[in-house]
Amino acid sequence: MAPERESTRERTPVGATATTRPRARLDQPRPPRRRLLPEWDPEAFGRLSERIARFLGTGRFIVWMTVVIIAWVLWNVFAPHDLRFDNYPFIFLTLMLSLQASYAAPLILLAQNRQDDRDRVNLEQDRKQNERSIADTEYLTREIAALRMNLGEVATRDWIRSELQDMLKELEERHDGHKGHGGGHGGHVVFPADRSPGRDADDR
């Protein structure tokens, strides 16, 4: 009896009952649910609605619709009585035009909504681009102001030239001052290169 009880304990997990539901595995996607309504691709349907809306807004559609209505009326007026399918007052034609209008209005609205969504996205992108441009402009303005401030402290060519000219003038003035001071107080006298005191004594 003891081995049988141990085997039954091993087979049945603790806390498990007959009504326990199988747990869904989190590492696997859920199986698709069955739907009564048909499924379609919203993007493909939106592109189709835009094409239809563009065609409805062209002159080609007006010309073709006018030709069809004229042919419809002429056939149901002048054709043999057995071949007519919509006698006067053309109730079937009125029904067809009403159906066309009832389908055309939602398609045009859907195309306009898609265009509004695109315009909204474009406006948002333009706004972000403008914000980035303003930030870049402000950064460049600050950099240019900093460069101007730094350039005010940099020595330019004209400033260096003027400083060198002032130094040359100061050196010339000092040289002239030394010459005058030496001649008045018995300083050194500079003789020419071809004449010296020794040569004058020999000549005498």
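Residues numbered from 1 in each chain as written. Predicted model: local features only at pLDDT ≥ 70, side-chain atom pairs only at ≥ 80, totals over all residues. Heavy atoms only, no water.

**Points about the overall build of the chain**
Secondary structure assignment for the chain yields six helices and zero strands. Element order for the chain, N to C, with α for helix and β for strand: α-α-α-α-α-α. Counting all 204 residues of the chain, 8% fall into the buried class. For the chain, the share of sequence-separated contacts (at least 6 apart) that also reach a separation of at least 24 residues comes to 52%. (Helix = DSSP H or I, 4+ residues; strand = E, 2+ residues; numbered from the N terminus. Buried < 20%, exposed > 50% of the residue type's maximum accessible area, 1.4 Å probe, protein only. Contact = heavy atoms within 4.5 Å.)

**Details of helix H3 (residues 59–78)**
Because each turn of an α-helix spans 3.6 residues, side chains separated by three or four positions in sequence point in the same direction. End to end, H3 covers 28 Å across 20 residues, agreeing with the expected 28 Å (1.5 Å per residue, within 8%). Of the surrounding elements, those touching the buried residues of H3 are helix H2 (42–56) and helix H4 (91–152). (Expected span 1.5 Å × (residues − 1).)

**A look at the packing of aromatic side chains**
In this structure the tally under the stated criterion is four aromatic pairs. Seen from their ring centres, tyrosine 88 and phenylalanine 90 are 5.7 Å apart, and the 85 degrees between their planes marks the pair as edge-to-face. Members of the aromatic cluster, each reached through a chain of ring pairs, are Trp72, Phe85 and Phe92. (Phe/Tyr/Trp six-rings, centres within 6.5 Å; stacked < 30°, edge-to-face > 60°.)

**Some words on H2**
If you check H2, its first and last C-alpha atoms are 21 Å apart, about what 15 residues at 1.5 Å a residue would give, namely 21 Å. Within H2, the full set of buried residues consists of Gly46, Ser49, Glu50, Ala53 and Leu56. Looking straight down H2, one finds that the buried residues subtend no more than 125 degrees of arc, so they occupy a single side. For H2, exposure combined with an orientation more than 90 degrees from the buried face picks out Arg51 and Arg54. Residues of H2 that are buried make contact with H3 and H4. (Arc of directions from axis to C-beta.)

**Considerations on a nonpolar patch on the surface**
A cluster of nonpolar side chains, contributed by Trp75, Leu83, Phe85, Phe92, Leu95, Met96, Leu99 and Tyr103, occupies part of the molecular surface with about 840 Å² of accessible area. Sort the elements by how many residues they give to the nonpolar patch and H4 lands first, with five residues. Inspection of the secondary structure assignment puts tyrosine 103 in helix H4. (Patch = residues over 30% accessible without salt bridge, like charges linked within 9 Å, V, L, I, M, F, W, Y side chains within 5 Å. Areas by Shrake-Rupley, 256 points an atom, 1.4 Å probe, with all protein chains shown as cover. Salt bridge = Lys/Arg side-chain N within 4 Å of Asp/Glu carboxyl O.)

**Remarks on the packing of H2 against H4**
One can describe the packing of H2 onto H4 by two numbers: an axis separation of 8 Å at closest approach and a directional angle of 110 degrees. One element, H2, and the other, H4, form an angle in the roughly perpendicular class. With respect to the hand of their crossing, H2 and H4 are arranged in left-handed fashion. On H4, the residues that touch Pro42, Glu43, Phe45, Gly46, Arg47, Ser49, Glu50, Ile52, Ala53 and Leu56 of H2 are Ala104, Leu107, Ile108, Leu110, Ala111, Arg114 and Arg118. Considered class by class, the residues forming the contact of H2 with H4 number 10 nonpolar, two polar and five charged. (Axes fitted to C-alpha atoms, helices over the stretch in contact; angles between N-to-C directions. Parallel < 35°, antiparallel > 145°, perpendicular 65-115°, else oblique. Left-handed = near helix turned anticlockwise from the far one by under 90°. Nonpolar A, V, L, I, M, F, W, Y, C, P; charged D, E, K, R; others polar.)

**Concerning unusual backbone geometry**
Cis peptide bonds are those with omega within 30 degrees of zero, and the linkage from tyrosine 88 to proline 89 qualifies with 15 degrees. Looking at the element boundaries, proline 89 is found in the loop between H3 and H4. The backbone phi angle of phenylalanine 90 is positive, close to 60 degrees, even though this residue is not glycine. The exposure class of phenylalanine 90 is buried, given its relative accessible area of 11%.

**Details of the side chain of serine 49**
With respect to the helices and strands, serine 49 occurs in helix H2. Classification of serine 49 by relative accessible area gives buried; the value is 1%. Only 2.6 Å separates the side chain of serine 49 from the backbone oxygen of glycine 46, close enough to count as a polar contact. (Polar contact = N/O pair within 3.5 Å; in protein donor to acceptor, adjacent residues only side chain to side chain.)

**Here's the deal with the confidence of the model for the chain**
Confidence in the prediction of the chain, expressed as mean pLDDT, is 76, and 74% of residues score 70 or more. Mean pLDDT values for the elements of the chain range from 46 in helix H6 (residues 197–203) up to 90 in H3. In the model, residues 1–10 has pLDDT below 50 throughout and makes zero contacts with residues more than four positions away in sequence or in other chains. A low-confidence stretch, residues 184–204 stays under pLDDT 50, and its non-local contacts, those more than four residues away or across chains, total four contacts. (pLDDT = per-residue confidence, 0-100.)

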